[in-house]
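# Remarks on the overall topology
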Amino acid sequence: MTRVRRNVAVAGVALSDCGRVPDATPYALHAQAARRALADAGLDRSLVDGFASAGLGTLAPVEVAEYLGLHPTWVDSTSVGGSTWEVMAAHAADAIAAGHARAVLLVYGSTARSDIKAGRRTGELSFGTRGPLQFEAPYGHTLIAKYAMAARRHMIEYGTTIEQLAEVAVQARANAALNPEAMFRAPVTVDEVLAGPLIADPFTKLHCCPRSDGGAAVLLAAEEVVRDCRTAPVWVLGTGEHVSHAAMSEWPDFTVSPAAVSGRLAFERAGVRPAEIDLAEIYDAFTYMTLVTLEDLGFCAKGEGGAFVEKGRLLVRGGELPVNTDGGGLSAQHPGMRGLFLLVEAVRQLRGEAGERQVRRADGQLPALAVASGTGGWFCSSGTVVLGR
């Protein structure tokens, strides 16, 4: 039996309508993003023989595939929170490289904001009280409280300040100001972030992502399929995934995220170093996520994240390492499991399609390497993908 190993590229990416989309259903957002991604690639739906989806339906992704009129022979429904999409991209790339699929479509859609406004759900997402969560739920240990407690630990251990955490929100908003699709574009200052209502100590409102509606789609394809695409390929160079814990009591160190493992694996497999990366798309439901993930991916040493995010280092314009170039979950949009949006933005940047927020290297050329790193649960899981032109 001949062993097949093919190169894998991102052939198409797209977002659905995002932000405030009160008249759409999650299925409609899935379909809109999927159609746009196929159009972006210039490929027909009949070429898609792999499908990955999570977060919708009783039999995800069977229901979504049916809605889209797809009948895949390779399927993935991995669900590990916000990092789901980087992990799925890794699985899809492996399947394509091995010859098990030729084109895999990853799709996500959510009406989180509209559901809250209509009273179909509450603002506080509950993960239930089964399994290990039963030991934390009685103490009111909400999702945001878990992140806030981890941030406070970093502040105690390394002297990270609330002002440094606020800088993450300020620079995300500055990047969002260049993105016409972002929900929140008005500039904010560190003082304004600190003056907001306290949500979970030490986080005020602007340390936390908004709720939005929206969807995204990414089409991965084998090298022979990519030749027929209308867009330039963005190659999957390396991936990594890691799960850390479910119960906070089983997390050895609140200052180390699972990206420390997934990032190392992705960089090793890609054969590149963090210093070679031109831009980073990092899951940022809360400001601390950006700071600690930068450390764990190797962009700065452990404990130096606070100093690293100062002085505009994350900005599209003038930043040493542009991070969350679309404004991230803190300002652009956050409809739930946002990991797929990171891949869309990274690909657009590498193609030179980001408009006013386009990153350029020091020599004026387009970026050559990008990393997308998603986080799931409360630092429970991580998936990291290195992409290159």
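Residues numbered from 1 in each chain as written. Predicted model: local features only at pLDDT ≥ 70, side-chain atom pairs only at ≥ 80, totals over all residues. Heavy atoms only, no water.

### Describing the pattern of salt bridges
With the rule as written, the count across this model stands at 19 salt bridges. The shortest N-O distance in the salt bridge between D40 and R230 comes to 3.7 Å. Pair noted here: D40 is in helix α1 (residues 26-41) and R230 is in the loop between α8 (223-226) and β8 (234-243), with a separation of 190 residues, a long-range link. Between K302 and E295 there is a salt bridge, and its shortest N-O distance comes to 2.9 Å. For K302, a relative accessible area of 29% corresponds to the partly exposed category. Members of the salt-bridge network, linked through shared partners, are D40, R230, R351 and E353. (Salt bridge = Lys/Arg side-chain N within 4 Å of Asp/Glu carboxyl O. Helix = DSSP H or I, 4+ residues; strand = E, 2+ residues; numbered from the N terminus. Buried < 20%, exposed > 50% of the residue type's maximum accessible area, 1.4 Å probe, protein only.)

### Some thoughts on the nonpolar core
Counting 90 residues, the largest nonpolar core has L106, L220, F299 and L387 as the members making the most contacts within it. Of all hydrophobic cores here, the second largest spans 26 residues; its members include A37, V64, A65 and L68. (Core = buried A, V, L, I, M, F, W, Y, C linked by side-chain atoms within 4.5 Å.)

### Notes on α1
For α1, with 16 residues, the first-to-last C-alpha span of 23 Å sits near the 22 Å given by 1.5 Å per residue. Within the sequence span of α1, burial applies to P26, L29, H30, A31, Q32, A33, A34, A37, L38, D40 and A41. In this structure, the buried residues of α1 make contact with β1 (8-15), α2 (62-68), β4 (103-111), β7 (213-222) and α13 (339-351). In the segment just after α1, G42 is the residue with positive phi, at about 75 degrees. (Expected span 1.5 Å × (residues − 1). Contact = heavy atoms within 4.5 Å.)

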